[in-house]
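Report on the structure
What follows is each chain in one-letter form.
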Amino acid sequence: MLLTAAEPWPENATLYQPLTEDQILLSDCASSLAVQAYLRMCGLPVQVVSRANAEYMSPSGKIPFIHVGNQVVSELGPIVQFTKAKGHSLSDGLDDVQRAEMKAYMELVNNMLLTAELYIQWCDDATAAEISRPRYSSPYSWPLSNILAYQKQWEVRRKMNAIGWGGKTLEQVYEDVSQCCQALSQRLGTQPYFFNKQPTELDALVFGHLFTILTTRLTNSELAERIKSYSNLLSFCKRIEQTYFEDKSS
Amino acid sequence: MAAAMELRCWGGDWGLPSVHTESLIVLVPLSHVCKNTAIASTAVPELLCGETAVQEPTHILNFLRKQRFNADYELTARQGADTMAYIALLEEKLRPALLHTFWVDAENYTNLTRPWFASRSPFPLNFLVPSHHANTALSRILLTKGEAPLHRISEVEGKIYSDAKECLNLLSYRLGTADYFFGNSPTSLDAFVFGFVAPLHKARLPSGPLQSHLRLLDNLTRFCDTVLSVYFSPSPPVQETVDANLQKLTQLVNKESNLIEKVLLPSFPLLCMSLLYLAGSVSY
C-alpha cells in the first residue's frame, strides 16, 4: 500500500458489488453504500459495477471491494486506510480523543446495526425463506442455488451463535437496533454531521446503513419504523443524499 | 430493596477478585458479594436475587439499574451513547486478542490458563472445562475475524493483535489524566474497561506482547490500580460497618431519593456482605 502512495487516484477506479436488482442483500447493500458515500465525500470518482460473483472476487470474501490501479481492497476500514495512504482523509482534523470516539461509534454500528441486519436476513426464518435465500442464489441454477444459499445461511448462523446472538428473538434484535439508533441520535444531536461541520467516515457508515434500511423492502417494516422515530437521523440521511448523491437520485 | 444477592463467578488470583472478564465487570458494582463457584456451563457470572437468576454482564447491570443501583445516574444522554460505543469497541477490537492471549496462545494456555481453571473445577470437570473454553474462544476468533479463504489462526493473529493495541491506545487517549472515564465517579463503562483490561494487567503471562503494550500505557494501568484499591481493598471489620451503615440510613431516611441512591451504591456491597455474614451464608 505504501508503494502506491505516490500514484494519484485513477479515473477508472471501480467498486464491485452483487447484482443490484436481483441479488444484493440488505447488509451488503448497506456496506457498499457506505463505501460509495465515503468516496464521494472524499471527492474520489468511482464506477459502480455489479457482478454476480462479486463476493468470490473479493480478497476477504466481503462486499464491497474496490479495484484501483493494480490494488484490490475490500471493506470500509481497509479502504479508508488505503485512501489515507494516497493522501485523502476525512478525519485528519480530529484530535486523538475525537478519533477514539469516531472509531468507537463505527464499531457500535458494526456491532449492532450490521449484526442485526445479518440476523434479520439469515436467522429469521420468514425473511430467509422469502427474501434472502432466493435473492442470494438467483444467478445460479438448481441444485447449486440451494447448496450455496443454505451454506451461507449456515455460516451466518454459526457466527451469530459464536457471538451470543443465536439465542435472541427478533423482538430483542429490534430493541437493540432502537438502542443503537438512540445512541447515534443522541450523539448527532442538532449538528449537521457527527463531528460538526465536516463529514467523516462515521457519517458515511451511518448513512449507508440507515438509508439502506429505510429504503429496502423486508417482510415487515418494523426495522424502518424504529429508525423513523428519530427525526434527526432522518434529516441526516436526507442531507447526505442530497449533498452527495443528487446526480443519481430518481 | 436490599434483598440478599448472591453472585456466582469465577474466583480470583494475581491480586484480582476474579480472573474472568465478565465476572469482573459485574463485580465492580457488587464488590465483596462473591461466592466462588466453578461451573462447566457458560452461564457464569450469574446473579441470584431471591428467585430471579440473571446472567451476562449487560443483563446484570440492567437488573441492578432497575433495582435502583445505577452507576450511570448522573451521565448525560450523550455520555450514555458514548458508553455504548466504547463497549462495542472493546467487544470488537479487544476481546478477540484477549481470548487469543489467554486461551489460544499455546504457551499461556498450557502454563497458566488451563492449570488455573482446571484447579478450580471439580473432578471430572477439570478435564472438560478448560478445553471447552479454549475451543469456544478459537471458534469465536475464526468466525468473526477469520476471512473465508484463511481459516488458520496464524493468519488472523497479526490483525487481531494490531487491532487490540490500537484499541488500548484509543482508550488511553479517551481516559487522559482523569481517574475515571466520566468525571469523578465510576460508571458502567469503567466496569467494562476494568473487566477487560485488569486480567491483562495482572496475570503472570509467560508470553504477553499485548501485556507489554498495555504496560506502556500508564494511565490505563493506574486506572486498574485505582479501581482495585477503591473497590477491592481488604474490607473493614464487620461490626463497625453495620453500625456505620445503619447510622447513615437513618440519617438519610427523610432526604430525597437520589441522595439515598448516591450513598447506598457504594455502601451496598458492604451492607450486603455484612447481611450475608450475619445470615451465615457466605464462606470464603
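Residues numbered from 1 in each chain as written. Chains lettered and ligands numbered in written order. Predicted model: local features only at pLDDT ≥ 70, side-chain atom pairs only at ≥ 80, totals over all residues. Heavy atoms only, no water.

Chain B appears in an unreviewed UniProt entry as Metaxin from Monopterus albus. Among the UniProt annotations of chain B, the heading Sequence similarities (unreviewed entry) holds the following wording: "Belongs to the metaxin family." Taken verbatim from the UniProt record of chain B, the Subcellular location (unreviewed entry) comment is "Mitochondrion outer membrane". (UniProt positions renumbered as here; feature names shortened; annotations may be inferred.)

Looking at an unreviewed UniProt entry, one finds chain A named Metaxin-2 and attributed to Monopterus albus. The record held by UniProt for chain A lists under Subcellular location (unreviewed entry) the comment "Mitochondrion outer membrane". For chain A, the Function (unreviewed entry) comment in UniProt is given as "Involved in transport of proteins into the mitochondrion."

A look at the domain arrangement of chain A
All names here are of chain A. What the domain assignment lists for chain A is domain 1 (14–86) and domain 2 (96–245). Taking only C-alpha atoms, the centre of domain 1 and the centre of domain 2 are 17 Å apart. On the side of domain 2, 31 residues touch domain 1, which itself brings 24 residues to the contact. For the pairing of domain 1 and domain 2, the buried interface totals around 2,300 Å² over both sides, and the portion due to carbon and sulfur atoms is 68%. When residues of domain 1 are sorted by the area they lose upon contact with domain 2, Leu25, Leu26 and Met41 head the list and together hold 30% of the total. (Domains from an automatic or database assignment. Contact = heavy atoms within 4.5 Å. Buried area = accessible area lost by both parts, 1.4 Å probe.)

Re the packing of aromatic side chains
Considering all chains together, one arrives at twelve aromatic pairs over all chains under this definition. Seen from their ring centres, Trp116 of chain B and Phe117 of chain B are 5.0 Å apart, and the 65° between their planes marks the pair as edge-to-face. Across the pair, exposure class does not vary: Trp116 of chain B and Phe117 of chain B are buried alike. One residue, Lys168 of chain A, lies across the ring of Trp165 of chain A, its end atom 4.0 Å from the ring centre. (Phe/Tyr/Trp six-rings, centres within 6.5 Å; stacked < 30°, edge-to-face > 60°. Buried < 20%, exposed > 50% of the residue type's maximum accessible area, 1.4 Å probe, protein only. Lys NZ or Arg CZ within 6 Å of the ring centre and 35° of its normal.)

Observations regarding the interface of chain A and chain B
Listed by partner, the interface residues are 24 residues for chain A and 22 residues for chain B. Of the roughly 2,200 Å² buried where chain A meets chain B, counting both sides, 63% is carbon and sulfur surface. Counting every contact that joins chain A to chain B gives three salt bridges. For the salt bridge of Lys93 of chain B with Glu107 of chain A, the shortest nitrogen-to-oxygen distance reads 3.5 Å. At the junction of chain A with chain B, the criterion picks out five residue pairs in polar contact (both at pLDDT 80 or more). Of all the secondary-structure elements, those providing two or more residues to the side of chain A that touches chain B are α4 (96–122), α6 (144–162) and α7 (170–188) of chain A. Ranked by the residues each element gives to the side of chain A that touches chain B, the list is headed by α4 of chain A, at eleven residues. (Salt bridge = Lys/Arg side-chain N within 4 Å of Asp/Glu carboxyl O. Polar contact = N/O pair within 3.5 Å; in protein donor to acceptor, adjacent residues only side chain to side chain. Helix = DSSP H or I, 4+ residues; strand = E, 2+ residues; numbered from the N terminus.)

Examining the sheet that holds strand β3 (residues 65–68) of chain A
Residues and elements named next belong to chain A. The four strands are arranged β2-β1-β3-β4 in an open sheet whose pairing can be described as mixed. In the strand order of this sheet, the two ends are held by β2 (47–50) and β4 (71–74), each with one partner. Going from strand to strand, the sheet's axes swing by 25° on average, the running direction of each strand aside. Pairing of β3 with β4, which is carried by four bridges, proceeds in the antiparallel orientation. (Pairing = 2+ DSSP bridges. Axes fitted to C-alpha atoms, helices over the stretch in contact; angles between N-to-C directions.)

Describing the packing of α4 of chain A against helix α5 (residues 125–136) of chain A
All names here are of chain A. It is at 7 Å that the axes of α4 and α5 come closest, and there the two elements cross at 100°. Here α4 lies roughly perpendicular to α5, going by the angle between them. Touching Ile120, Gln121 and Trp122 of α4 are Thr127, Ala128, Ser132, Arg133 and Tyr136, all from α5. Looking at side-chain class alone, the contact of α4 with α5 contains four nonpolar, three polar and one charged residues. (Parallel < 35°, antiparallel > 145°, perpendicular 65-115°, else oblique. Nonpolar A, V, L, I, M, F, W, Y, C, P; charged D, E, K, R; others polar.)

Digging into the nonpolar core
Ranked by size, the top nonpolar core spans 147 residues in total, and within it Ile66 of chain A together with Phe194 of chain B carry the most contacts. In terms of residue count, the dominant contributor to this core is α4 of chain A (14 residues). Composition of this core by domain shows at least three residues from each of domain 1 (14–86) and domain 2 (96–245) of chain A. Discounting residues that sit within four places of it in the chain, Phe194 of chain B has contacts with Leu16, Leu24, Val28, Pro199, Phe223, Cys224, Val227, Leu228 and Phe232 of chain B. Of all hydrophobic cores here, the second largest spans five residues; its members include Tyr16, Ala54, Ile63 and Phe65 of chain A. (Core = buried A, V, L, I, M, F, W, Y, C linked by side-chain atoms within 4.5 Å.)

A short note on the pattern of salt bridges
Scanning all chains against the criterion turns up 16 salt bridges over all chains. With its nearest N and O atoms 2.8 Å apart, the salt bridge here joins Glu91 of chain B to Arg95 of chain B. One end of the pair is Glu91 of chain B and the other is Arg95 of chain B, both in helix α3 (residues 77–104) and four residues apart, which spans about a single turn. Arg95 of chain B sits in the buried class, given a relative accessible area of 11%. In the salt-bridge network here, residues are joined through shared partners; they are Glu107 of chain A together with Lys93, Lys159 and Asp163 of chain B.

Structural notes on empty space enclosed by the protein
Gaps between atoms show up when a probe of the same size as a water molecule is rolled over them. Residues and elements named next belong to chain A. All chains considered together, the criterion is met by three cavities of 30 Å³ or more. Every residue lining the largest cavity is listed: Pro18, Gln23, Ile24, Leu25, Asp28, Ala52, Glu55, Tyr56, Tyr136 and Tyr140. In terms of residue class, the lining of the largest cavity is made up of seven nonpolar, one polar and two charged. (1 Å grid on protein atoms, 1.4 Å probe; cavity = no way out; pocket = protein on both sides within 12 Å on 5 of 7 lines; lining within 4 Å. Points joined across faces, edges and corners; volume = space filled by probe spheres on them.)

Focus on the UniProt feature "domain: Metaxin glutathione S-transferase" (unreviewed entry) in chain B
Mapped onto the present numbering, the UniProt feature "domain: Metaxin glutathione S-transferase" (unreviewed entry) falls at residues 164–226 of chain B. Summarising residues 164–226 of chain B: 68% helix, 0% strand, and an end-to-end C-alpha distance of 22 Å.

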